[in-house]
Amino acid sequence: MNKFTIPVLLVFSLLGLFGGSEKLQLQNENLSKRDFSGRSLSGSDFTGADLTHTNFSKCTLRKVSFREADMSYANVSNADLRQADFTDTVLYSVDCSYSNLSALQLKGQNLGC
């Protein structure tokens, strides 16, 4: 290793370029219409966030908290949602086609039916 190797590896690691997961803490934020597609966000916290029309397609979202968030019209197609928490979440017209929905927590959610 030369003197540039460690800083480069650290930057790549922080950016998740080695397959690591970004653990975002975005409680109560307005993230409407954001594009998170293809990212690994396992363990992130979106509690109370406005996620309307947000794109999470092809994301890894294991053990993510969406508690009390509004996910109306969000796209979570082809996403890994294992053990995600959707307690008291608004899930009106969400596209979850081809997603892994194992062990979801759906207590008290509003499906808009």
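Because the structure is a prediction, the values reported are computed rather than measured.

(A) How the structure looks around unusual backbone geometry. A positive phi angle is found at Asn 78, which is not glycine, with a value near 55 degrees. Within the fold, Asn 78 resides in the segment after helix H1 (5–14). With a relative accessible area of 39%, Asn 78 lands in the partly exposed category. Residues other than glycine seldom take positive phi values, yet Asp 88 does so here, at roughly 60 degrees. Take Asp 88: it is sitting in the segment after H1.

(B) Seen up close, the side chain of Ser 57. When you line up the elements, Ser 57 lands in the segment after H1. At 2.8 Å, the side chain of Ser 57 and the side chain of Asn 55 are in polar contact. With residues up to four places along the chain from it excluded, the contact list for Ser 57 reads Ser 37, Gly 38, Asn 75, Val 76 and Ser 77.

About the cut-offs
Residues numbered from 1 in each chain as written. Predicted model: local features only at pLDDT ≥ 70, side-chain atom pairs only at ≥ 80, totals over all residues. Heavy atoms only, no water. Helix = DSSP H or I, 4+ residues; strand = E, 2+ residues; numbered from the N terminus. Buried < 20%, exposed > 50% of the residue type's maximum accessible area, 1.4 Å probe, protein only. Polar contact = N/O pair within 3.5 Å; in protein donor to acceptor, adjacent residues only side chain to side chain. Contact = heavy atoms within 4.5 Å.

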